[in-house]
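A look at the structure
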Amino acid sequence: MQIPDASNTTVNAIYKHYEQNADSGFRAHLGASIIGKECQRALWYDFHWCTPSNHSGQVLRLFETGQLAEARFAENLRAIGVQIHTVDPKTGLQYRVVACDGHFGGSMDGIGQGFPEAPKTPHVVEMKTHSEKSFKDLQKKQVKESKPQNYTQMQVYMHLGGFERAFYIAVNKNTDELYGERVEYDKPHAREAIDKACHVIFSTAPPNKLTEDPSFFKCKFCDHQAVCHQGKLPPVNCRTCMHSTPVENGQWLCERYQLNPTDEQQRWGCQSHMFNPHLLYPWAEVLDSGDYWYQFVIKATGEIITTGEAPEHYKSSELRAVSDLSLLKDKNVEAIREYFDAKVVA
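Report on the accompanying structure. (Residues numbered from 1 in each chain as written. Predicted model: local features only at pLDDT ≥ 70, side-chain atom pairs only at ≥ 80, totals over all residues. Heavy atoms only, no water.)

1. Considering the overall build of the protein chain
Helices and strands together make up the secondary structure of the protein chain, namely 11 helices and 13 strands. Across the protein chain, the fraction of contacts at a sequence separation of at least 24, relative to all contacts at a separation of at least 6, is 59%. Accessible surface, the protein chain as shown: approximately 19500 Å² in total, 51% of it carbon and sulfur. Distance between charge centroids for the protein chain: 4 Å, based on 37 positive and 43 negative side chains. (Helix = DSSP H or I, 4+ residues; strand = E, 2+ residues; numbered from the N terminus. Contact = heavy atoms within 4.5 Å. Areas by Shrake-Rupley, 256 points an atom, 1.4 Å probe, with all protein chains shown as cover. Lys, Arg positive; Asp, Glu negative; His and termini not counted. Charge placed at Lys NZ, Arg CZ, Asp CG, Glu CD.)

The following block contains the structure:
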């Protein structure tokens, strides 16, 4: 009997299925679930779609486990008499809250009333699954200190939804032990989080980094480390383009063509895409610009590159295709581009 390929197993096939069906992870709005991040630059990168998700099948399945647990949480709460609603009857979807001209918000896991601790008080309900270590830390420190992002998320929901209390229910995935905590509304904290979100959303340039040290542990494990500290250019899409601006009602304005692209159109960008020059700093500096082009110098090498719409200009896709932009100035590369009307591809 032929020995099967060790990588071609049932388990690996399941993981591959998750990976093949995963999306980029780009969200149309800046989410309340992540506004508690300490680094505002990371939030700006999130909102501007600078780093696509690249999770393994195992991790994607873990995310799904957390989503599946919500139905069981709701069932448990109803079983003890809590009236919990996980869907807004007006929309058939989860209850949503929005702010910052529709660019910031999130979906609540549920709204509940009848908790034994306070039967008459309506609560925002937040449901989470935890590893053994995370759960023990939560029990010891409570949600505000142990899970500040979850705490801030609930504060935003309470503020925008008009609630005075939230109920945080969590499960230890190792033992199935439950944890419950009532959280009081903290208006200053919520207001600060929303102001922070609006600042991130309407900033044309990324906010300051936590540190310039790429080995700092919070930076080392950040999804945006390559873009932030290594000078990697982000994907070509409307959110990374200099012509694109967030406007009212959660929409974006393409100032090049004076239109409001849909979320799907934003993901693909267009032939006129030009990187927001701030995404080139600090490793490059803009020298000159004109109608639909700009010229920048690579500080480390002194190479000067022009990006824009004209045939001789380098397109954004070409800039992203190479790991070393100085390769674009190679005489052979330039000659091939000119003679064959060719483009550099990954």
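Still more to cover.
2. Structural notes on the state of the cysteines
In this structure the tally under the stated criterion is one disulfide. Across the disulfide from Cys100 sits Cys198; the S-S distance is 2.1 Å. What sets the handedness of the Cys100 and Cys198 disulfide is the S-S torsion sign, and at about -95° it is left-handed. In this pair, Cys100 sits in the loop between β3 (96–99) and β4 (104–107) while Cys198 sits in helix α6 (residues 187–201), placing the two residues 98 residues apart along the sequence. Its sulfur unpaired, Cys222 is 6.4 Å from the next cysteine sulfur, which belongs to Cys39. Of all cysteine sulfurs in the structure, the one in Cys270 sits closest to Cys238, which takes part in no disulfide; the separation is 6.3 Å. Cys238 gets classed as buried once you look at its relative accessible area, which sits at 15%. (Disulfide = S-S within 2.5 Å. Buried < 20%, exposed > 50% of the residue type's maximum accessible area, 1.4 Å probe, protein only.)

3. Notes on the packing of helix α5 (residues 148–161) against α6
For the pair α5 and α6, the least separation of the axes is 8 Å and the interaxial angle reads 95°. The orientation of α5 with respect to α6, classified from their angle, is roughly perpendicular. For the pair formed by α5 and α6, the contact residues are Tyr151, Thr152, Gln155, Val156, His159 and Leu160 on the first element and Lys187, His189, Ala190, Arg191, Ala193 and Ile194 on the second. When its residues are assigned to classes, the contact of α5 with α6 shows six nonpolar, four polar and two charged. (Axes fitted to C-alpha atoms, helices over the stretch in contact; angles between N-to-C directions. Parallel < 35°, antiparallel > 145°, perpendicular 65-115°, else oblique. Nonpolar A, V, L, I, M, F, W, Y, C, P; charged D, E, K, R; others polar.)

4. Looking at a nonpolar patch on the surface
Taken together, the side chains of Ile336, Tyr339 and Phe340 make up a nonpolar region of the molecular surface, amounting to roughly 410 Å² of accessible area. Along the polypeptide, Tyr339 turns up in helix α11 (residues 331–340). By relative accessible area, which is 69% here, Tyr339 ends up exposed. (Patch = residues over 30% accessible without salt bridge, like charges linked within 9 Å, V, L, I, M, F, W, Y side chains within 5 Å. Salt bridge = Lys/Arg side-chain N within 4 Å of Asp/Glu carboxyl O.)

5. Remarks on the sheet that holds strand β11 (residues 284–290)
One open sheet accounts for three strands, arranged β11-β12-β13; its pairing is antiparallel. With partners counted over all chains shown, the strands left at the sheet margins are β11 and β13 (304–308), one partner each. With strand direction ignored, the average angle separating the axes of adjacent strands in the sheet is 25°. With five bridges connecting them, strand β12 (residues 293–298) and β13 associate as antiparallel partners. In the strand pairing of β13, Phe296 is matched with Ile305. (Pairing = 2+ DSSP bridges.)

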